[in-house]
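Residue-level structure breakdown
So the chains spell out like this:
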Amino acid sequence: MGRISTFGQHLYEGRISFDFVGRRRLWYAISVVILLAAGLGLLTRGLDMGIEFRGGVEFTAKIAPTDANVDAMRDAVADSGVSDAGDPTVTTSGQNAIRIDTKPLSQDEATKVEASLRDAGASDISQNLIGATWGQQVAQKAAIGLFVFLGLVVIFIWAYFREWKMSVSAIVALIHDLVITVGVYAWSGFEVTPATVTGLLTILGYSLYDTVVVFDKVRENTRGFERTHTRTYAESANLAVNQTLVRSINTSIMALLPVGALLVVGVAALGSGPLKDLSLALFVGMAAGTYSSIFIATPLAVQLKESEPAVREQAKKVERRRARDAVSAAASDEDAKVGSTTAPTRAVTTSGAAKRAQPSRAPRSKRGRRPK
Amino acid sequence: MSTARRGRTSSRKPRPGRVLAIFLAVIVVLYGVVAMVGDWKPRLGLDLQGGTRIALEAKTSSGDVTQEKLDEARDIIDQRVNGSGISEADVTTQGGDQVVIEIPGEKQAGIVDEVGRTAQLRFRLVWATSDNAQQQPENGSGNGSGNDQQLPFEKPSDEQTSSGSDSTSDNGKNRTAPTDGAQSAGAKSDGGDDPGNGESDDPSGDQSSGDQSSGDQSDDGGDDNDDADDSSTDVDWTELSLDQMISAETEGLDALPPDYRPAISDLNDQLSSFQCNDKSLGKVDDVADEPLVTCDPESGETFLLSPSVIPGTDVSDVSAGVPQNQVDWVVSLELGGDGQSTFDQVTDALTDQYNSGNSAGSRFAIVLDGAVLSAPQSEAHITNGQSQISGDFTQDSAQSLANSLKYGALPLTFGVNSVSVEGPSLAGSQLDAGLTAGAVGLLLVILYSLFYYRGLGLVVIASLLVAAATTYALVLLLAASAGFTLTLPGIAGLIVAIGITADSFVVFFERLRDEVREGRSLRVAVERGWRRARMTIVAADSVSFMAALVLYIFAIGVVRGFAFALGLTTLIDVFIVFFFTKPLVALLARTQFFGQGHRFSGLDRKHLGIHDRPVSQMAKRPASASAGGEH
């Protein structure tokens, strides 16, 4: 525990620094591989759409889920005299229930099947009759919701950060998280239900929440960057990510703990249903959301920002200054390594880093003193 | 103290104790209100208590589904469901095109057919009536003055006339008149056919014309009225022309072609045995092209009605009001489309009957969902489709009739989207699972925050508990005021929110630690850290809230509960962190335990890993000096 805090202190001072921004090509490559895998899963395996999307009737019968009982339930459906109900999917659900999915039935037919199940020994039968268009609607509304949300996000981030580049990066990170989550569903073969869709939409909020917190720190660290000669924009942004790393880890753990509890309890006690579907999507999405705000959103925002002349100008200034310092100090032959891409790690890990960090913190302390 | 004062102007000096006291007072008040409202248990959704949930989706034949139309549909479905004897049914609109019916408790899947039907408003001709509401079904036709028009075909139809006055007083509750209010009772008297003379076989040669009721085929497969079914399969009622139907009314049922007689005779039997109660009305199968035996549930009068002559969709406008220079309430009705010309034809013939004294032969009936809403006499020939129904209306009854007529005109039809029936024990185990998950999730977060934040972890715990208490109070209040029900996804939303709520604290604490790392005293660090954290918290929570809102608006079904819970807890989170967590930390910063960085406070220098000399004044703080010396 203490070590995590110490770690936090080192990160804060820049004594330990992970080069999130500088090595962006590596992170992009990793993400691209993951995204391709997700896409491949989607193409080859597809999504197992739940009964809500196919239409049909789902019965949940309270009966010990033994093989014999599963067969008995299957036979009961066959014996119900409802021809459309033939060949149902019978699965166990949790510790004391069996789930039977049939094709779409009318209410009368469903009632007949239910009576037949009851005769075969099932008690307390839940029945869920879903029209064929229900799932389409869910999907359609979710799609509309998605676009509305994305639109709002762009506007919100732009309004808050005054920076469309951050909006774009946040959106890219969002989509990244969504695709990964969908990919996990494709590969794992978990059923996609309306609860899953809700989970997906919730991920949007979470992923963005995380990104906003990191961006907030980036903005703080890079405010007035034109006037500093100690760190490039990219380095300041990288320091921000490092400084919020402990928070990101803590947040993820604290968010994932309850969701994990939901997932475990949902699966253990109920077997299937909205709890499982929701929490699984959330679990994957939240993890991806934390990853993407660190490894994708910030590097991308920096990359977009680096196309601005002011940023490039300042980076050159920093470089020149470093070169000058190096020459005058004639400290070591390591100076040769201070290239534009490897610079961040070197710069912040030198022993002088803590002192050099002071100027960039000055604006903050100034702000703090302002009310005086 | 001095440092705190230095940092801020006196007017903005934080008073954490006061803020905290006010906040806790607000919570006490919240619970006071809950105590007054009365219920300490949240309303559980059907998935948690068992019951039937039916989602209907509106399908339009014309135009878009508007919220107004949907609300009207909701009202009539509500009437239907609650009219069928189910108590506590909850009918709501959702997502712009859904009507959701939730019926707690026992299985009610049978209700699906009932509620899914289109509101079927139809105009039919009154072929026969029988006021046997108080009679035994066996009493039949031979008995009593009430059976005015329920006649065997052999009888001479002048008996209709003799009993005509009778029916007027008993049953002729409502009358129609042109909108201009001019009573044309006398105006038409010259043209009146004698209703007594039986030109019974005349109209049979008349082939069915285009005037035939344009009522759409009703395709619902409700419970069939056995007799009606048997008889109606014998003859094809759709072959009947409007003229034939009218003459069956104005001249007696034997004016119908001979083929129809057995069916009519069956229907007459049904009429005599029809009991006007909710149960029998519920079984009435209102098929547009067939005659209908039903009753007016208010007056108890039973009717044998012709096939539909005008569908409710032809009603273009309805309003209730008191016409100028009059004192009584009337319902104004405007027909459009084919209905207008049909009404012209119908009122022409029926008004003749009225003027010649056959008031029973001058009635038509407006039927909604198989029940007679109103059976007025036609007192004027209405050519422009604009008429008024007058009678013993009160404001309420006129308004209610007008509403019903409007609903009938509603062009919304519904398809069954989903029906779920949740057994009580499965529902119970869902609730248990949800609560268990919540408890476990909360416990894990508490353990982690204690592990990581030590003393500050207590603040996290206190804040989470206060947040939980606030959430619970609001859930109770929303249940009482807005009918909020807690569903399984709702509980999931609350659980997920634990993490998101805790995150605000993490953001604040990390900022706080950053300040301590820079060597500031805790008291200063709290204020500075807070100022830097709060914008982040507000921005991040805004995003969360936005997501929840979008989700709520675009979600279908029970998952809305999830979005609602998420949105609610996000708001609560902001309040908690502003008015509870921050003041609490500010207060604690004054204590020795936290302020001087006790080993377990979570803010001690060693724990934070501060080994260097801090940037600023260590000399001021002996405790930190010793802590710094430890390494």
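Predicted model, so just to flag it, every value in this text is computed and none were measured.

Quick look at helix α10 (residues 245-270) of chain A
All names here are of chain A. Helix length check: α10, at 26 residues, gives a terminal C-alpha distance of 36 Å against a target of 38 Å (1.5 Å per residue), a fit within 8%. Counted residue by residue, α10 has 19 buried out of 26 residues, so it is predominantly covered. Note on α10: the residue one or two positions beyond its end, Gly271, has a positive phi of about 80°.

Considerations on a positive patch on the surface
A cluster of basic residues, Arg312, Lys316, Arg320 and Arg324 of chain A, forms a positive patch at the surface. Relative to the elements of secondary structure, Lys316 of chain A occurs in helix α12 (residues 309-329).

Here's the deal with unusual backbone geometry
Residue and element names in this part refer to chain B. Positive phi, normally seen in glycine, also occurs at Asn325, with a value near 65°. Position of Asn325 among the secondary structure elements: in the loop between β9 (315-321) and β10 (330-335). Take Asn325: its relative accessible area is 80%, and that puts it in the exposed class. Notably, Arg454 is not glycine yet its phi reads approximately 50°, a positive angle.

Regarding the packing of helix α13 (residues 424-453) of chain B against helix α15 (residues 488-517) of chain B
Residue and element names in this part refer to chain B. At a minimum axis separation of 9 Å, α13 and α15 run at an interaxial angle of 10°. Relative to α15, α13 is oriented roughly parallel. Contact residues: Gln430, Leu431, Gly434, Ala437, Gly438, Gly441, Leu442, Val445, Tyr452 and Tyr453 in α13; Leu488, Ile491, Ile495, Ile498, Ala502, Val506, Phe509, Glu510 and Arg513 in α15. When grouped by side-chain class, the residues that make up the contact of α13 with α15 number 13 nonpolar, four polar and two charged.

Overview of the environment of Ala492 of chain B
In this fold, Ala492 of chain B is placed in helix α15. Taking relative accessible area as the criterion, Ala492 of chain B reaches 0% and is therefore assigned buried. Remark: the alpha-carbon pair of Ala492 of chain B and Leu566 of chain B, spanning 74 residues in sequence, is separated by 9.0 Å. Here Ala492 of chain B is in contact with Leu262, Leu275 and Leu278 of chain A together with Phe562 of chain B, once residues within four sequence places are set aside.

Some thoughts on the side chain of Asp177 of chain A
All names here are of chain A. Among the secondary structure elements, Asp177 is positioned in helix α7 (residues 164-188). For the buried residue Asp177, which engages in no salt bridge, the nearest side chain bearing the opposite charge is Arg247, 12 Å off. Apart from residues no more than four positions distant in its own chain, Asp177 is found in contact with Ile203, Ser207, Ala288, Gly289 and Ser292.

Digging into the UniProt feature "transmembrane region" (unreviewed entry) in chain A
All names here are of chain A. The sites that UniProt annotates as "transmembrane region" (unreviewed entry) are residues 26-44, 142-161, 168-188, 194-215, 253-272 and 278-302. Between the C-alpha atoms that bound residues 26-44 there is a distance of 27 Å. The span itself is 100% helix and 0% strand. Between the end C-alpha atoms of residues 194-215 there is a gap of 32 Å, over a span that is 100% helix and 0% strand.

Observations concerning the nonpolar core
Counting residues in each nonpolar core, the largest one holds 137 residues, and the members touching the most others are Phe149 and Leu208 of chain A together with Val496 and Phe509 of chain B. In contact with Val496 of chain B, other than residues within four places in its own chain, are Val259, Leu262, Leu282 and Met286 of chain A together with Phe562 and Leu566 of chain B. Of all hydrophobic cores here, the second largest spans 89 residues; its members include Ile54, Trp127, Phe303 and Leu333 of chain B.

Section: the side chain of Ser504 of chain B
In this fold, Ser504 of chain B is placed in helix α15. On the basis of relative accessible area, Ser504 of chain B is assigned to the buried category, the value being 0%. Non-local contacts of Ser504 of chain B, meaning those with residues more than four positions away in its chain, are made with Tyr209 of chain A together with Ile537, Asp541, Asp573 and Val577 of chain B.

Some thoughts on the interface of chain A and chain B
At the interface, 78 residues of chain A touch 90 residues of chain B. Together chain A and chain B conceal approximately 7000 Å² of surface at their shared face, both sides included; 65% is due to carbon and sulfur atoms. Applying the counting rule to chain A against chain B returns three salt bridges. Between Asp503 of chain B and Arg247 of chain A there is a salt bridge, and its shortest N-O distance comes to 3.1 Å. Looking at the side of chain A that touches chain B element by element, the count peaks at 15 residues for α10 of chain A. When its residues are assigned to classes, the side of chain A that touches chain B shows 41 nonpolar, 22 polar and 15 charged.

Parameters at a glance
- Residues numbered from 1 in each chain as written.
- Chains lettered and ligands numbered in written order.
- Predicted model: local features only at pLDDT ≥ 70, side-chain atom pairs only at ≥ 80, totals over all residues.
- Heavy atoms only, no water.
- Helix = DSSP H or I, 4+ residues; strand = E, 2+ residues; numbered from the N terminus.
- Expected span 1.5 Å × (residues − 1).
- Buried < 20%, exposed > 50% of the residue type's maximum accessible area, 1.4 Å probe, protein only.
- Patch = residues over 30% accessible without salt bridge, like charges linked within 9 Å, V, L, I, M, F, W, Y side chains within 5 Å.
- Areas by Shrake-Rupley, 256 points an atom, 1.4 Å probe, with all protein chains shown as cover.
- Salt bridge = Lys/Arg side-chain N within 4 Å of Asp/Glu carboxyl O.
- Lys, Arg positive; Asp, Glu negative; His and termini not counted.
- Charge placed at Lys NZ, Arg CZ, Asp CG, Glu CD.
- Axes fitted to C-alpha atoms, helices over the stretch in contact; angles between N-to-C directions.
- Parallel < 35°, antiparallel > 145°, perpendicular 65-115°, else oblique.
- Contact = heavy atoms within 4.5 Å.
- Nonpolar A, V, L, I, M, F, W, Y, C, P; charged D, E, K, R; others polar.
- UniProt positions renumbered as here; feature names shortened; annotations may be inferred.
- Core = buried A, V, L, I, M, F, W, Y, C linked by side-chain atoms within 4.5 Å.
- Buried area = accessible area lost by both parts, 1.4 Å probe.

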